[in-house]
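Results of the structural survey
Spelled out from the first residue to the last, the chains are:
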Amino acid sequence: MNREPIIGIDLGTTNSCAAIVDGDVNGVPQVKLIPYKGGDYTIPSIYAVDDKGNELIGYEAKRQWQLNPRNTIYGAKRLVGRTMSSDIVEQMRKTVQYQVRPSEDNKEVVIDVAKKSLSLQDVSARILNKIRDVASNHLKVAVNKAVVTVPAYFSDRQRQSVKDAGKLVGLEVVRIINEPTSAALAYGVGRHLKKTVVIYDLGGGTFDVSIIEIRDQVFEVKATGGDIFLGGIDFDNAMIVHILKEFKAKTGIDLSTDPVAMQRIKDLAERTKMDLSTREEAPFNIPFITMTAQGQPLNIEMKFTRKLLEQLTVDLVDRTLKIVAKVLVDSGLSTQAIEEVMLVGGQTRMPIVQERLTKFFGKAPSKSVHPDEAVAIGAALYAHSLSDDTNLKLQLLDVIPMAIGLEKADGGFHQVFPRNSSIPNAKQIRGTTSQANQTELIMRIYQGDHDAAKENEQLGEFTFSGIRPAPAGQEQIEITFDVNVEGILTMMAKDPASGKQLKTTVRVTQS
Ligand SMILES: Nc1ncnc2c1ncn2[C@@H]1O[C@H](COP(=O)(O)OP(=O)(O)OP(=O)(O)O)[C@@H](O)[C@H]1O
Ligand SMILES: [Mg+2]
């Protein structure tokens, strides 16, 4: 085993998984998943604080979540790197039982748990730390480095946020790679393929789809797309809404304000949803969910059929297919050019997802990769390719999921990199002053596909100062936008005449 191991981590919305390469057989690296207590290969991405103030992570946190809904945090990945103003935070607030609020400066999202206030990065950091500890114990060697995967549809800020989370616990995130690309590695490494595949990844929190051309050790992403607010959790929520409605119609009682009842419903809704992937119907019974005003206990007694579940969630499945169609157009390929459709993510076990995809592509999806493990396996393979003692030379040619550009004077959005631009990538633009004796140039950088800059996510504000006083439009400034292999942007500005340079990593400013 390598002295300084680099593990691969799939930091999932619902479940996380870690893996490492351990030797090779006939030149093909052998990946081992890192088992958690009891032999499971996934750890629930859940963090909780119990009433004694102890921190619980993983199964320990999940086991008590019905009874401690206020202090049990799940789905944190959806909020990481998000500003409080984004609609997503508002939406999330309505569906979780823990307390989400804006920070004092109204910029960050804060979670109040027990008596602590945590940022989303803190929560992700604790989960990463747990995974690292499990790996260190299993491998009997300190683990300080990891390749960590993120949804392809993560923005620059969200990627940066995951790197920073690692830093908080002394785990160096040596490389961020995209989840679907990672799954493609799990499929393609060591097989000498020449093939164009679609990776359809519907997990707990996010949906990603990438079209990838595999040429032996080269993995070239042709186009990608997704929705970081579309996953299994939304399927559960659709069921919950239905259950609450039925219960209210029957009893007149609204359970949505009762956190313990809500958590019990959520728990059973998810389990019933999973059952219905293999059964046509399942009972949905919860005893003593609440009491009448007279103190009479009430139960939920319902039956769920697969058909009903499909009716409640078909819109979600259709949303994924719309994204698939768009990505296909972006890639310039036809459905016939797709040689294999790969399913990743637990929610792809739902039969209707597979049926719709079969119809869309005219062929059944392949089951060549394990939907829960492929992403971590790919990350481990990539980690191995970065180590010194390897012949594995992987080349990932990935893309950015959303355009990156700057705000124009009229509020419009000038795209410097359109979506699906390949990375790494650098571009230069020329700027100039608009007023006489202007010594500073301010640029607001955004990421997104909207024509109005402000509708996109602000990545940062960049100030270039030290411009020589001169009439408007005379001084030139040369600005370089550099997106690295991880999809993270750095900017440099230069006065071409004096050669004076300023370099900064783009951050959202506190203005
Ligand atoms: N048999 C099944 N049928 C339907 N859904 C399932 C089944 N098994 C798992 N799921 C759902 O899959 C989701 C978890 O998938 P997965 O572990 O791939 O997500 P994740 O990697 O944590 O999330 P993400 O990739 O979105 O960050 C959960 O919502 C779970 O309910
Ligand atoms: Mg996943």
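Definitions and limits used
- Residues numbered from 1 in each chain as written.
- Chains lettered and ligands numbered in written order.
- Predicted model: local features only at pLDDT ≥ 70, side-chain atom pairs only at ≥ 80, totals over all residues.
- Heavy atoms only, no water.
- Helix = DSSP H or I, 4+ residues; strand = E, 2+ residues; numbered from the N terminus.
- Rg over C-alpha atoms; globule rule 2.2 N^0.38 Å.
- Buried < 20%, exposed > 50% of the residue type's maximum accessible area, 1.4 Å probe, protein only.
- Contact = heavy atoms within 4.5 Å.
- Domains from an automatic or database assignment.
- Expected span 1.5 Å × (residues − 1).
- Polar contact = N/O pair within 3.5 Å; in protein donor to acceptor, adjacent residues only side chain to side chain.
- Core = buried A, V, L, I, M, F, W, Y, C linked by side-chain atoms within 4.5 Å.
- Pairing = 2+ DSSP bridges.
- Phe/Tyr/Trp six-rings, centres within 6.5 Å; stacked < 30°, edge-to-face > 60°.
- Lys NZ or Arg CZ within 6 Å of the ring centre and 35° of its normal.
- Salt bridge = Lys/Arg side-chain N within 4 Å of Asp/Glu carboxyl O.
- Near = heavy atom within 4 Å.
- Areas by Shrake-Rupley, 256 points an atom, 1.4 Å probe, with all protein chains shown as cover.
- Axes fitted to C-alpha atoms, helices over the stretch in contact; angles between N-to-C directions.

1. Considerations on the overall build of the protein chain
Of the regular secondary structure elements, the protein chain holds 10 helices and 28 strands. Relative to the compact-globule value of 24 Å for 511 residues, the protein chain shows a C-alpha radius of gyration of 24 Å, a close match. Along the longest, intermediate and shortest principal axes, the C-alpha atoms of the protein chain span 80 × 60 × 50 Å. Scored against the burial criterion, the 511 residues of the protein chain give a buried share of 57%. Put simply, 64% of the contacts in the protein chain that link residues at least 6 apart link residues at least 24 apart.

2. Description of the domain arrangement of the protein chain
Here the domain parsing of the protein chain yields domain 1 (232-311) and domain 2 (404-505). Inter-centroid distance (C-alpha atoms) of domain 1 to domain 2 is 51 Å.

3. Remarks on helix H7 (residues 259-275)
One turn of the α-helix equals 3.6 residues, which is why residues spaced by three or four share an orientation. The terminal C-alpha atoms of H7 lie 24 Å apart, and with 17 residues this matches the ideal 24 Å at 1.5 Å per residue to within 8%. Counting buried residues along H7, 12 of its 17 residues qualify, which places the element largely inside the surrounding structure. Taken residue by residue, H7 has Pro-259, Ala-261, Met-262, Gln-263, Ile-265, Lys-266, Asp-267, Leu-268, Ala-269, Glu-270, Thr-272 and Lys-273 as its buried positions. Tucked into the core, H7 has its buried residues touching helix H1 (59-63), helix H6 (232-251), strand E16 (281-291), strand E17 (297-305) and helix H8 (306-331). The opening residue of H7 is Asp-258, an N-cap whose side-chain oxygen sits 3.2 Å from the backbone nitrogen of Val-260.

4. A short note on the nonpolar core
In this structure, Ile-7 and Ile-9 are the most contacted members of the largest nonpolar core, which totals 55 residues. The dominant element in this core, judged by the number of residues it contributes, is helix H3 (residues 120-139), at nine residues. When residues no more than four places from it in sequence are discounted, the contact partners of Ile-9 are Cys-17, Ala-18, Leu-128, Ile-131, Ala-146, Val-147, Val-148, Thr-149, Leu-171 and Ala-379. Counting 47 residues, the second largest nonpolar core, distinct from the first, contains Val-209, Ile-211, Ile-243 and Leu-268.

5. As for the pairing of strand E27 (residues 489-494)
The sheet contact formed by strand E26 (residues 476-483) and E27 spans six bridges and is antiparallel. Looking at E27, one finds that Thr-480 is bridged to Met-492. Taking the residues that link successive antiparallel strands as the turn, the E26-E27 hairpin has five residues, and the phi of Gly-487 there is positive, at about 85°.

6. Observations concerning the packing of aromatic side chains
As enumerated under the stated definition, the model contains six aromatic pairs in all. Clustering of aromatic rings is evident, with ring pairs tying together Trp-65, Tyr-74 and Tyr-98. Taking the ring centre of Phe-229 as reference, the NZ or CZ of Arg-78 above it sits at 4.1 Å.

7. Quick word on the pattern of salt bridges
For the coordinates displayed, the defined rule picks out 34 salt bridges. Across the pair Arg-132 and Asp-133 runs a salt bridge, and its minimum N-O distance is 3.9 Å. We classify Asp-133 as partly exposed; its relative accessible area is 38%. The residue Arg-468 makes a salt bridge to Asp-495 at a minimum N-O spacing of 3.8 Å. Taken as a pair, Arg-468 in the loop between strand E25 (457-465) and E26 and Asp-495 in the loop between E27 and strand E28 (501-505) lie far apart in primary sequence, 27 residues in all. Classification of Asp-495 as buried rests on a relative accessible area of 5%. Linked by salt bridges that have partners in common, Glu-213, Arg-215, Glu-220 and Lys-222 make up one network.

8. What to know about the site of ligand 1
What surrounds ligand 1 is a group of 19 residues, the closest being Thr-13, Thr-14, Lys-77, Glu-270 and Ser-277. Here Asn-15 contributes a backbone N or O atom positioned 2.7 Å from an oxygen atom of ligand 1. Backbone polar atom of Gly-346 to an oxygen atom of ligand 1: 2.8 Å apart, as the coordinates give it. Against a free-state accessible area of 650 Å², the protein chains account for coverage of 92% of ligand 1.

9. What to know about the sheet that holds strand E24 (residues 440-447)
Strand order in the open sheet made by the four strands is E21-E20-E24-E25, with antiparallel pairing throughout. Looking at the sheet topology across the chains shown, the edges are occupied by strand E21 (413-417) and E25. Each neighbouring strand pair of the sheet contributes to a mean axis angle of 30°, computed without reference to strand direction.

10. Some remarks on the side chain of Ser-45
In this fold, Ser-45 is placed in the loop between strand E4 (42-44) and strand E5 (47-49). The exposure class assigned to Ser-45 is buried, which follows from its relative accessible area of 3%. Only 2.9 Å separates the side chain of Ser-45 from the side chain of Ser-16, close enough to count as a polar contact.

11. Quick look at helix H5 (residues 179-188)
Burial analysis of H5 places nine of its 10 residues in the buried class, which makes it a mostly covered element. Among all positions in H5, only Glu-179, Pro-180, Thr-181, Ser-182, Ala-183, Ala-184, Leu-185, Tyr-187 and Gly-188 are buried. Of the residues trailing H5, Gly-190 is marked for its positive phi of about 85°.

12. Remarks on the sheet that holds strand E6 (residues 55-57)
Reading across from one edge, E6-E5-E7 is the order of the three strands in this open sheet, with antiparallel pairing throughout. Among the strands making up the open sheet, the edge pair consists of E6 and strand E7 (72-73). Strands E5, E6 and E7 of the sheet are contacted by H3, whose axis makes an angle of about 65° with E6.

13. A closer look at unusual backbone geometry
Residue Ile-423 is joined to Pro-424 through a cis peptide bond whose omega torsion reads 0°. If you trace the backbone, Pro-424 turns up in the loop between strand E22 (422-423) and strand E23 (425-432). Residues other than glycine seldom take positive phi values, yet Asn-26 does so here, at roughly 50°. Note that Asn-26 resides in the loop between strand E2 (15-25) and strand E3 (28-33). According to the relative accessible area criterion, Asn-26 is exposed, its value standing at 79%. Although it is not a glycine, Phe-288 adopts a positive phi angle of roughly 50°. When its relative accessible area of 57% is taken as the criterion, Phe-288 is described as exposed.

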